[in-house]
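# Structure at a glance
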Amino acid sequence: MLIVMEKGATAEQIAKVVQVIESKGMTARPIPGGDRVSIGILNNKGPVDHAIFMGLSGVKEAIPVTRPYKLVSREVKPEDTLIRVGPVTIGNGHLTLMAGPCAVESERQAMTIAEKVKLAGAHIFRGGAFKPRTSPYTFQGLGEEGLKILAKVREVFEMPVVTEVMDTDTFDLVEHYADILQIGTRNMQNYSLLKRAGQSSRPVLLKRGMSATLDEWLMAAEYIMSEGNPNVMLCERGIRTFVRHSRNTLDLSAVPVILRESHLPVIVDPSHAAGYRDQVIPLSRASVAVGAHGLMVEVHHAPEEALSDGAQSLLPKQFEELCRWADAVHVLVNR
Ligand code: PEP
Ligand code: MN
């Protein structure tokens, strides 16, 4: 159930509704909107009687929420969520470009790539310090040293940084250095990690699990939001199918559905979907055309030497080309 307050409802009227909800053992989650406040009811064990709320002053209506997810849904919050990270706003009609290597490998590597992607037009730098690798024998990331390098990139190039947080053990450490916390495809249903991310003040980029349905993905985002963190972005990064011409299959049909169902910004990562660099620019164009708020792309100045995901990493020149295409398509579809 969602309690929608009248325009100009007072803080006392809102507090009274919250108190009534909580007195019944449920959780109240006020959601500030464009011109009025709504209050979501969570943790109800069964249907909630809307008559209780209609009698309270300042209440406009009590709407049953039909979707299993609540805080992430457009039913509960019709306006798009904007996420502010340093100088960047995500979800506000501009296209946000996040770019960088799969993994931070050295200071020289990160600084070289950062300089190039910044010049090309990237807004946010990406790079993993803790890497979830399929094989335990491959490069696992530089850990804290990698995080310190990311902090240096932020300082020198004035770009916020996004990096993956893999577990609750290293959460505090990653949270200390990162501007945006990435939760990877393999962790989309790691509920203790999602809950911890929900207690963070940092925005979260939640990648879609490689075999997750949209409901499962939105429910994972609901875990984060239900702990109090409203700043969640959803990142489509390809799903596991039977094909062999690409690493995964970029599910672009998810984008319009998510935009309809949720107010959260949608980012597309064509790199992990494709697995091969020649597919990344065409898939980026399509992602922008279908309505993504941003792209996250892997770039490396010497991909043949990359310690992870070299085959899908664009050369800096190709990233420049991608930026030109992305802007052109964005202008075209938003005209
Ligand atoms: C990554 O961004 O480098 C990564 C590991 O992504 P995913 O979780 O989508 O595989
Ligand atoms: Mn990668």
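Summary of the structure given here. This structure is a prediction, so every number in the text was calculated from the model and none was measured.

Cut-offs applied
- Residues numbered from 1 in each chain as written.
- Chains lettered and ligands numbered in written order.
- Predicted model: local features only at pLDDT ≥ 70, side-chain atom pairs only at ≥ 80, totals over all residues.
- Heavy atoms only, no water.
- Phe/Tyr/Trp six-rings, centres within 6.5 Å; stacked < 30°, edge-to-face > 60°.
- Lys NZ or Arg CZ within 6 Å of the ring centre and 35° of its normal.
- Donors = N, O, S within 2.8 Å, 3.2 Å for Na, K, Ca; no water.
- Helix = DSSP H or I, 4+ residues; strand = E, 2+ residues; numbered from the N terminus.
- Buried < 20%, exposed > 50% of the residue type's maximum accessible area, 1.4 Å probe, protein only.
- Pairing = 2+ DSSP bridges.
- Axes fitted to C-alpha atoms, helices over the stretch in contact; angles between N-to-C directions.
- Contact = heavy atoms within 4.5 Å.

The subject of this paragraph is the packing of aromatic side chains. Taken as a whole and assessed by the stated rule, the structure comprises one aromatic pair. Positioned above the aromatic ring of tryptophan 325 is the side chain of arginine 285, whose terminal nitrogen or guanidinium carbon lies 4.3 Å from the ring centre.

The next thing to look at is the coordination of the manganese ion (ligand 2). The manganese ion (ligand 2) binds to the protein through Cys102 (SG), His272 (NE2), Glu298 (OE) and Asp309 (OD), with metal-donor distances spanning 2.0 to 2.4 Å. Positions of the donor residues of the manganese ion (ligand 2), expressed as sequence spacing, correspond to C-x169-H-x25-E-x10-D. With cysteine 102 in the loop between β7 (96-100) and α3 (107-120) and histidine 272 in helix α9 (residues 270-274), the pair connects residues that are 170 residues apart, well separated along the chain. There is no split in this pair, since cysteine 102 and histidine 272 are both buried.

What follows is about the sheet that holds β7. The pairing of strands in a sheet comes from backbone hydrogen bonds and takes either a parallel or an antiparallel form. With parallel pairing, the eight strands of this closed barrel are ordered in space as β7-β8-β9-β10-β11-β12-β13-β14. Averaged over all adjacent pairs, the angle separating strand axes in this sheet is 25°, with direction ignored. In this sheet, strand β12 (residues 232-236) lies alongside strand β11 (residues 204-207) in parallel orientation, the contact comprising four bridges. When the bridges of β12 are listed, valine 204 appears paired with valine 232. Across the sheet, α3 is in contact with β7 and β8 (124-126); its angle to β8 comes to roughly 145°. The strands touched by helix α4 (residues 144-157) are β8 and β9 (161-164); relative to β9, the strand with the most contacts, the crossing angle is about 165°.

Successive residues of a regular strand alternate their side chains across the two faces of the sheet. With respect to burial, strand β3 (residues 37-42) is a largely interior element, five of its six residues being buried. As paired elements, strand β1 (residues 2-5) and β3 share three bridges and run antiparallel to each other. When the bridges of β3 are listed, leucine 2 appears paired with glycine 40. Two elements, strand β2 (residues 27-32) and β3, share six bridges in a ladder whose sense is antiparallel.

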